[in-house]
Amino acid sequence: MNPTALVQKIGSSWPPATWKDVNIGIALSGGADSVALLRSLEEIKQSNGGSGELFALHVNHHLRGEASDGEQHWCEELCRKLEIPFEALQGDVARRARKEGDGIEAAARHERYALLTQAAERCGIRYLAFAHTQNDQVETILFRLLRGTGIRGIAGMSRVRGLTPTLSLIRPMLSCTRNEILAYLSEREQSFCNDQSNTDSQFVRNRLRNELLPLLRSNYDEKVDRAILRLSEQALEIQSFLEAEARKLLSHSLRGSPADAQNGTTRLKLNIAALANRPEILIREALRIAWRESGLAEQEMNFDWWCKLADLVLSPASNRVLNLPGNVRAQVIENRLHLEWQHS
Ligand SMILES: Nc1ncnc2c1ncn2[C@@H]1O[C@H](COP(=O)(O)OP(=O)(O)OP(=O)(O)O)[C@@H](O)[C@H]1O
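On a predicted model such as this, the values are computed, not experimentally measured, just so you know.

### Observations concerning the site of the ligand
If you check the shell around the ligand, you find 14 residues, and the closest are A27, V59, R109, R112 and A131. At 2.7 Å, a backbone N or O of A27 approaches an oxygen atom of the ligand. Bound to the protein, the ligand loses 83% of the 610 Å² it would expose on its own. Elements supplying a minimum of two residues to the shell around the ligand: β2 (54–60) and α5 (104–122). In terms of residue class, the shell around the ligand is built from 7 nonpolar, 4 polar and 3 charged.

Here it is in structure tokens:
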């Protein structure tokens, strides 16, 4: 079989030499994108050999009754034909939505990532590959822009991200367009499942994909996509630079003060002399890294909260106490910013 443009593109963005000897998991929904990813990684593997194995992992969310079970069986059958080990994971979205207070879409995503991560660890998988495409990237950036985001949000989805110390999420199709994927599938005469929920306009994300983006493209053609992607590449450059500088600052500020946990309370102390007189944007980023790496949830820490916390560092007064989201208490005591929270 001749390698197609899609296979070559994936192979050059994620060279097989870097993964052929480790186990790879493919998050297989049964949709066109993940079916194309499965088939093309299999082709690349066939022609490059190696000791690693491919595994397909499917999450059945049981949100669409028989249609959900049908997709699971369809994926299982495809993997049986391709002789790729397959595992179906059973999600309980309603339970997660109740527990986390999220909408169905967000709960399904959290459930999916949690189940896939557990299964990948169990199978000794090193890279868990998702089939997000260039079109998904454009949608994600526009969605974040409209909902409210910062530089990091505009940088879009990353190509690779650590999930656990031994497992990374990878997105090898971020430079591939939907049209390239459909052309590949038709060339291989490969069918796929159509997820009806992708057309349901009650989801904001679908309205953006099916209504707003086509409207923008009809006025500005593909330039819209290119403009959004160029903005995201620049945001990624700025973000990477900022993060590297903030890490240097943080290493001075944290020197000799690891977080300590006693009697159910965790305390993180940052030396504010190391942060003083530095640009506020750098201080905010350093605080954000310290926060994230202490295992605190970032969701409710919006821009205003980061500004308030940075202001506490820049204008310290010992009687000022900030009560932050996640029940984190912040106060400056003797030239140190103390962050305190209860842990379970
Ligand atoms: N039910 C599923 N089982 C396994 N993998 C899935 C499933 N649904 C989605 N995926 C994986 O996630 C990729 C992106 O799908 P989709 O855009 O629907 O997911 P998402 O994670 O909600 O996206 P985003 O992270 O952009 O919000 C798919 O191409 C596939 O690799």
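After that view, the rundown keeps rolling.
### Here we look at the pattern of salt bridges
In total, this model carries 25 salt bridges according to the counting rule given. With its nearest N and O atoms 3.9 Å apart, the salt bridge here joins E243 to R292. One end of the pair, E243, is in helix α10 (residues 223–254); the other, R292, is in helix α11 (residues 280–293), and 49 residues separate them in sequence. A salt bridge links D311 to R320; its shortest N-O distance comes to 3.3 Å. Given a relative accessible area of 34%, D311 falls into the partly exposed group. By relative accessible area, R320 is classed as partly exposed at 30%. If you follow the salt bridges from partner to partner, you end up with R152, E243, R247, E285, R288, R292, E293 and E298 in one network.

### Some thoughts on helix α4 (residues 93–100)
Within α4, burial applies to V93, R96 and A97. All buried residues of α4 fall inside an arc of 100° around its axis, so they share one side. Among the exposed residues of α4, those oriented more than 90 degrees off its buried face are R98 and K99. Residues of α4 that are buried in the fold lie against α5. Within two residues after α4, G101 carries a phi angle of roughly 65°, on the positive side.

### Digging into the domain arrangement of the protein chain
Frequently, the measure chosen for interface size is the accessible area removed from exposure when the parts meet. Parsing the protein chain into structural domains produces domain 1 (5–227) and domain 2 (255–342). For domain 1 and domain 2, the distance between their C-alpha centroids amounts to 36 Å.

### Looking at the UniProt feature "binding site: ATP" (unreviewed entry) in the protein chain
Those residues carrying the UniProt feature "binding site: ATP" (unreviewed entry) are S29, G30, G31, A32, D33 and S34 in this numbering. If we ignore the near neighbours within four places in the chain, the residues touching A32 are R178, I181, L182, L185, F192 and C193. Secondary-structure assignment places D33 in helix α2 (residues 32–48). Other than its neighbours up to four places away in sequence, D33 contacts A131, T133, D136, M173, R178 and I181.

### A word on helix α8 (residues 178–187)
For α8, the set of buried residues is I181, Y184 and L185. Seen along its axis, α8 keeps its buried residues to an arc of 95°; they face one direction. Turned more than 90 degrees off the buried face of α8, the exposed positions are N179 and S186. Looking at the buried residues of α8, the elements they touch are α1 (5–13) and α2.

### Remarks on unusual backbone geometry
Although it is not a glycine, E189 sits at a positive phi angle of roughly 50°. Relative to the helices and strands, E189 is located in the loop between α8 and α9 (204–220). Phi at N277 takes a positive value of approximately 65°, unusual for a residue other than glycine. Along the chain, N277 turns up in the loop between β8 (265–271) and α11. Note on N277: relative accessible area 78%, which makes it exposed.

What counts, and where the lines are drawn
- The numbering scheme is per chain: residues are counted from 1 as the chain's sequence reads.
- Residue-level local features of this predicted model are given only where pLDDT is at least 70; pairs of side-chain atoms are given and counted only at 80 or more, and the full residue set underlies all totals for whole chains, interfaces and linings.
- Only heavy atoms go into the side-chain values, all of them from the structure, while hydrogens and water stay out.
- Definition of nearness: a residue and a molecule or strand are near each other if at least one heavy atom of the residue lies within 4 Å of the molecule or strand.
- Counting of polar contacts relies on pairs of N or O atoms within 3.5 Å, with two restrictions inside protein: one atom must be capable of donating a hydrogen and the other of accepting it, and residues adjacent in sequence are counted only when both atoms are side-chain atoms.
- Values of accessible area rely on a 1.4 Å probe in the Shrake-Rupley scheme; residue burial ignores everything except the protein chains shown.
- Strands are runs of DSSP state E lasting at least two residues, helices are runs of H or I lasting at least four, and both sets are numbered from the N terminus onward.
- Amino acids are sorted into nonpolar (Ala, Val, Leu, Ile, Met, Phe, Trp, Tyr, Cys and Pro), charged (Asp, Glu, Lys and Arg) and polar (every other residue, Gly among them).
- Whenever a carboxyl oxygen of Asp or Glu lies within 4 Å of a side-chain nitrogen of Lys or Arg, that contact is scored as a salt bridge.
- Between buried and exposed lies partly exposed: a residue is buried under 20% and exposed over 50% of the maximum accessible area for its type, with that area taken using a 1.4 Å probe on protein chains only.
- To be clear, the arc concerns the directions from the helix axis to the C-beta atoms.
- Note on contacts: a residue pair is in contact if any heavy atoms of the two residues lie within 4.5 Å.
- Domain extents, as shown, originate in an automatic or database domain assignment.
- UniProt positions are given in the numbering used here, feature names are shortened, and annotations may be inferred rather than shown by experiment.

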